[in-house]
Amino acid sequence: MNVRAAVARAVHAPLSLEALELDEPRAGEILVRVVATGVCHTDIAMRDQTFPVPQPVVLGHEGAGVVERVGAGVRRVVPGDHVVMTYDSCGTCASCADNLPTYCYDFFGRNFAAARPDGSTSLRAGGEAVHGNFFGQSSFATYALCTDRNVVKVSKALPLELLGPLACGVQTGAGAVMNALRVGVGRSIAVFGTGSVGLSAIMAARVVGATTIVGVDVSAERLALARELGATHTVNAGDGDPAAAIVALTGVGVDFALEATGIPSVIRQAVDSLAQHGTCGIVGAAPVGSTVTLDVLHLMTGGRTLRGIVEGESTPSLFIPALAELYVQGRFPFDKLVTFYPFERISEAIHDSETGAVVKAVVRM
Ligand SMILES: [Zn+2]
Ligand SMILES: [Zn+2]
């Protein structure tokens, strides 16, 4: 079928809006009419080949839309269902069997190969193959193919065009707090980096009853938003060592730290801000090959932990509807992160995301 899609053909260049042909859904695939899609920093990193996703490619991995047609064997949705499309996973490896699909052994293949598992591509521009299936969707398009593994059905009572960010950025931050770190009532957490992921973590920390929630950033404007969304304290990292400031304001450091910038020196600051037996989670993607230096005795003698967390360690079919319900109840106002753009202005949406002019750009088809 004919679709309109934003194609990445070169690094650091605007996407080109093109007419492409998209395959009909094969067995296990679902054709979704995309209503809106979030822009995630991973899309920008892949356009710029931080990780070698093949080009030309249609990026986009926070899609929300309506099921149009389903291939053989699809069990989770039927045409007309409202859905969001999240990360893909194989469903058969040891991690998937253990209900840890974010650590699927084929996570990179399923999400970054920009092709089906059999190597075929689903998009064409005339005779030219265009890579699709990015994060099992390639949602920077009017229609996308996802799979029975990464489709999440949502209530038709919800504002569908708002929901795409729940599929990646929002569940990454909120899930890190709620599923991976399991921050509990009365605990303390510092969130380094108050973009969409960090602000989602702050909102989640408020929901679970953390009583000390420290937002750390270099932008006074973002820190003001962090306070509005649940931070009890903020630290401007431009004013000096944020770890020292956090230890000073809490007396002992924080039970949990979340690193959402992907900057190795900030990982060090996050670990340094931990109280005894504290845990630091890394959700920011650093460039390939990045390393971090830690104070070994500080880590060891305090029983501290440093760990990675992918996609909020969520089971998307449970967690995304739960976040949507918290939003409806007014307890998780992630709409305050969102700025909408029409599809024709997707390059502007990406530019504004890169510069930090907006927290979470969502493109409406
Ligand atoms: Zn797997
Ligand atoms: Zn993402």
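Residues numbered from 1 in each chain as written. Chains lettered and ligands numbered in written order. Predicted model: local features only at pLDDT ≥ 70, side-chain atom pairs only at ≥ 80, totals over all residues. Heavy atoms only, no water.

Q: How should the coordination of the zinc ion (ligand 2) be read in this particular structure?
A: When four donors bind a metal tetrahedrally, each ideal donor-metal-donor angle is 109.5 degrees, and when six bind octahedrally, the ideal angles are 90 or 180 degrees. Taken together, the protein donors to the zinc ion (ligand 2) comprise Cys40 (SG), His61 (NE2) and Cys168 (SG), at separations of 2.1 to 2.2 Å. On the primary sequence, the residues serving as donors to the zinc ion (ligand 2) are separated as C-x20-H-x106-C. Linking histidine 61 in the loop between strand 4 (57-58) and strand 5 (63-70) with cysteine 168 in the loop between strand 10 (151-154) and helix 4 (169-180), this pair joins segments that are 107 residues apart in sequence. Like histidine 61, the residue cysteine 168 is buried in the burial classification. (Donors = N, O, S within 2.8 Å, 3.2 Å for Na, K, Ca; no water. Helix = DSSP H or I, 4+ residues; strand = E, 2+ residues; numbered from the N terminus. Buried < 20%, exposed > 50% of the residue type's maximum accessible area, 1.4 Å probe, protein only.)

Q: Could you clarify how one ought to interpret the pattern of salt bridges in this entry?
A: Opposite charge on two side chains permits them to pair, given that their charged atoms come into close proximity. Applying the stated rule across the entire model yields 20 salt bridges. Put simply, glutamate 24 and arginine 69 hold a salt bridge, and the shortest N to O gap is 2.9 Å. With glutamate 24 in the loop between strand 2 (16-22) and strand 3 (29-38) and arginine 69 in strand 5, this residue pair connects regions lying 45 residues apart in the sequence. For glutamate 24, a relative accessible area of 39% puts it in the partly exposed group. Classification of arginine 69 as partly exposed rests on a relative accessible area of 34%. Salt-bridge contacts for aspartate 272 lead to arginine 268; the nearest nitrogen and oxygen are separated by 2.9 Å. Here aspartate 272 pairs with arginine 268, and both are found in helix 8 (residues 264-272), just 4 residues apart, close to one helical turn. Within the structure, one salt-bridge network assembled from shared partners comprises Asp23, Arg26, Glu29, Arg116, Asp118 and Arg124. (Salt bridge = Lys/Arg side-chain N within 4 Å of Asp/Glu carboxyl O.)

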